[in-house]
Amino acid sequence: MDKNRIVVIGAGIGGLTAAALLAQAGYAVTVLEGQVYAGGSAGTFFHKGYRFEAGATVAGGFQPNGPHAVVGDKLGIEWPVHLHDPAWVVHLPDRVVKLCRDNVDVVENFPNTAKFWDAQARIAQLGWSLSAQGLPWPPTDGAEWAQLVKVGITNLPRDLEVIPYALMTAHDWLRLSGLADDPVFVRFIDAQLLISSQTTSRGANAMYSATALDLARQGVYHVEGGIGGIAETLVSKVRALGGQVIYRQKVERIHLTDGRVTHVTTKRGDTFPCDFLVANLTPWSLDSLLGEESPRALQRETQTRRAGWGAYVLHLGMRADALPADTPDHHQVIAEMSGALGETRSIFISMSPRWDTSRAPAGYRAVTITTHTDVQIWWDLLKSDPAEYGARKDEYTEKMLRNIERAIPGFRAGIEFMMPGTPVTYEFYTGRHLGMVGGFPQTSLFKARNPLTGLPNARLVGDSIFPGQSTAGVSLGALRVAADIQRHLPVLTRERRLEGVSGAKQVQP
């Protein structure tokens, strides 16, 4: 019997990337997805002739040495993407800042920050280079330690420069740069880090922040047909390599024998045996699928780990002529200069590009608007006071549209229809625990989560493991997991399978 069977739970970018790499390596790969489309948090769904992005709306990492470029080179993929510059436009109460690849407008708006951006670019460039070489952080075994040592020696002395940044927060870095007393710049940086690392400068690790802040400089890309095109490209590759991607197969239980995963069962009553499991899930979802057999460490994690962010979302159908033709497609509105970001104080708007006529009916555009929000408040309201839950939705919708209209006059008049969604909505359609999105805040590098699950033949992928956030981040995690599985479950060659059947080895003369 072939001992090459890999089951992947979830057709998100991380799961599909790992699946394609493992299929290419010779494993029998089956991806099980409960929804009718791939992509998960970076998927695209259809409604009334529109193709809306379920969660993520901007994608990076396609530049040389970027994670998607590395995956594409390995798999022979040409990604259906188009560069968009500016990446997005930031609307602060007192100024408008364009995030472009040359970073000129940022420096013109904050003229005393040039040295900060020079340092950021140097550190980020090393970060991209290290990621392209494979950076299994935090390491889990001797092989990964050896890889880290090899990468470190290769990049000496450049990597010595980043050591101080690995030990400080982004706010420490701003303070040392003499910029922490500039409230507008700090607010600007905090808003960017909330998007890219799920926390602000006082919590974000400085080294991670340097790479996170590099997205605009490296390039933001539109995906043809919506961001779900990344997942659809990977699905095609998995199938071309002999693997399976099966929709409407929601896994209900993971089964163990002697502490190892043996098979999974689905809501439809089907059973899929596996020799190694890849869980494109949150730790909470993995723990739930394991039930009483969940490892103690995983149970403790789900009981003690703080929930991540959710999103309040508006999906709009909008008239294409509502705004000038040269209006950029992505905008960030920072409505207030005080108070915690999120909860309508910071808003991200993504409009389908005018050239992509597959995204909306003729003369219209598909628009996704999001703001970070605490997930638990929505669940508590729904349970305790459904009327107040509805009222809060109306309140958030009104605040977001009002703040956008101040920054982009005429926007509101172009709306033809609107669908609001809370973390409760997100949980229903994506299966994400409590509707969380974006992964865990990237604070200390020494608290980063690795792919281990407590089970010898199961690994996590997705935004729960380092480096987490973004399609680029989960691709890096998938590269690591695919390499790890190949070390722990070597592929049986055709000759070795035949040997197993015959029960005898061929002796060479």
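Residues numbered from 1 in each chain as written. Predicted model: local features only at pLDDT ≥ 70, side-chain atom pairs only at ≥ 80, totals over all residues. Heavy atoms only, no water.

What to know about the overall build of the chain
- Secondary structure summary: the chain contains 18 helices and 19 strands in total.
- Over its C-alpha atoms the chain spans a radius of gyration of 23 Å, differing by no more than 12% from the 23 Å that the globule rule assigns to 509 residues.
- In the chain, which comprises 509 residues, the proportion classed as buried is 57%.
- Considering only residue pairs separated by 6 or more positions, the chain has 70% of its internal contacts joining residues 24 or more positions apart.
- Of the roughly 21700 Å² that the chain leaves accessible, carbon and sulfur atoms contribute 53%.
- When the 50 basic and 50 acidic side-chain charges of the chain are each reduced to a single mean position, those positions are 4 Å apart. (Helix = DSSP H or I, 4+ residues; strand = E, 2+ residues; numbered from the N terminus. Rg over C-alpha atoms; globule rule 2.2 N^0.38 Å. Buried < 20%, exposed > 50% of the residue type's maximum accessible area, 1.4 Å probe, protein only. Contact = heavy atoms within 4.5 Å. Areas by Shrake-Rupley, 256 points an atom, 1.4 Å probe, with all protein chains shown as cover. Lys, Arg positive; Asp, Glu negative; His and termini not counted. Charge placed at Lys NZ, Arg CZ, Asp CG, Glu CD.)

Brief notes about the pattern of salt bridges
- Scanning the model with the defined rule gives 22 salt bridges in all.
- Notably, a salt bridge pairs Arg-487 with Asp-484, separated by 3.2 Å at the nearest N-O pair. Taken together, the positions of Arg-487 and Asp-484, both in helix α17 (residues 470-488) and three residues apart, correspond to about one turn of that helix.
- On the accessibility criterion, Asp-484 (3% relative accessible area) is buried. (Salt bridge = Lys/Arg side-chain N within 4 Å of Asp/Glu carboxyl O.)

Considerations on the pairing of strand β15 (residues 330-334)
- In terms of residue burial, β15 counts as a mostly covered element, since five of its five residues are buried.
- With burial as the criterion, each face of β15 is covered, one bearing His-330, Gln-332 and Ile-334 and the other bearing His-331 and Val-333.
- Bridging between strand β6 (residues 88-92) and β15 involves three bridges; their strand directions are parallel. Across the sheet, residue His-91 finds its bridge partner in β15, namely Val-333.
- Across five bridges, β15 lies against strand β16 (residues 346-351) in antiparallel orientation. In the sheet register, Ile-334 faces β16, and the bridge partner there is Ser-346. (Pairing = 2+ DSSP bridges.)

Some remarks on the sheet that holds strand β7 (residues 95-99)
- Ordered by their spatial adjacency, seven strands build an open sheet running β7-β6-β15-β16-β17-β14-β18, and the pairing between neighbours is mixed. What marks the edges here is a single partner per strand, and that holds for β7 and β18 (415-421). Shown here is a sheet whose adjacent strand axes are inclined to one another by a mean of 20°, direction ignored.
- In the sheet, strand β14 (residues 309-319) pairs with strand β17 (residues 364-374) via eleven bridges, with the strands oriented antiparallel. Its bridge partner being in β17, Leu-316 is matched across the sheet by Val-367.
- Contacts from helix α14 (residues 375-384) reach β14 and β17 within the one sheet, and its direction differs from that of β17 by about 90°. (Axes fitted to C-alpha atoms, helices over the stretch in contact; angles between N-to-C directions.)

Some details on the packing of aromatic side chains
- Scanning the model with the defined rule gives 22 aromatic pairs in all.
- Ring centres of Trp-284 and Phe-440 lie 5.9 Å apart, and the angle between their planes is 70°; this geometry places the pair in the edge-to-face category. With a gap of 156 residues between them, Trp-284 in helix α12 (residues 283-290) and Phe-440 in the loop between α16 (423-430) and β19 (458-460) connect regions that are remote in the sequence. Accessibility assignment for this pair places Trp-284 and Phe-440 in one class, buried.
- Of note, Lys-48 hangs over the ring of Phe-417, and the distance from its end group to the ring centre comes to 5.4 Å. (Phe/Tyr/Trp six-rings, centres within 6.5 Å; stacked < 30°, edge-to-face > 60°. Lys NZ or Arg CZ within 6 Å of the ring centre and 35° of its normal.)

Thoughts on the environment of Lys-267
- With respect to the helices and strands, Lys-267 occurs in the loop between β11 (260-266) and β12 (271-273).
- Expressed as a C-alpha distance, the spacing of Lys-267 and Lys-250, which sit 17 residues apart in the sequence, is 5.6 Å.
- Apart from residues no more than four positions distant in its own chain, Lys-267 is found in contact with Lys-250 and Glu-252.

Structural notes on the nonpolar core
- Within the largest apolar cluster, 63 residues are counted, with the highest numbers of intra-cluster contacts made by Ile-6 and Ile-254.
- In terms of residues, this core owes the most to one element, helix α1 (residues 13-25), which gives eight residues.
- Ignoring any residue separated from it by four or fewer positions in sequence, one finds Ile-254 in contact with Ile-9, Val-261, His-263, Val-264, Leu-277, Leu-286, Leu-289, Leu-290 and Glu-293.
- Membership of the second largest hydrophobic core comes to 47 residues, among which are Val-58, Trp-117, Val-162 and Phe-188. (Core = buried A, V, L, I, M, F, W, Y, C linked by side-chain atoms within 4.5 Å.)

Observations concerning the side chain of Gln-198
- Turning to its location among the elements, Gln-198 is positioned in the loop between α8 (183-197) and α9 (206-212).
- Among all residues touching Gln-198, those that are not within four sequence positions of it are Leu-193, Trp-309, His-372, Val-437, Gly-438, Gly-439, Phe-440, Pro-441 and Gln-469.

Some points on the pairing of strand β13 (residues 276-279)
- A two-sided burial pattern is seen for β13, the buried positions comprising Phe-276 and Val-278 on one face and Leu-277 and Ala-279 on the other.
- Pairing between strand β1 (residues 5-9) and β13: four bridges, direction parallel. Looking at β13, one finds that Val-7 is bridged to Leu-277.
- Pairing of β13 with β19, which is carried by three bridges, proceeds in the parallel orientation. Looking at the pairing, Ala-279 lines up with Leu-460 of β19.

Some points on unusual backbone geometry
- Here Asp-85 and Pro-86 are connected by a cis peptide whose omega angle stands at 10°.
- Structurally, Pro-86 is set in the loop between β5 (81-84) and β6.
- Residue Pro-467 follows Phe-466 across a cis peptide bond; omega there is 5°.
- Within the fold, Pro-467 resides in the loop between β19 and α17.
- Of note, Asn-103 is a non-glycine position whose phi angle comes to about 60°, a positive value.
- Along the polypeptide, Asn-103 turns up in the loop between β7 and α3 (104-109).
- Owing to a relative accessible area of 17%, Asn-103 belongs among the buried residues under this scheme.
- We note that Glu-343 has phi near 50°; this positive angle belongs to a residue other than glycine.
- Tracing the backbone through its elements, the reader meets Glu-343 in the loop between β15 and β16.

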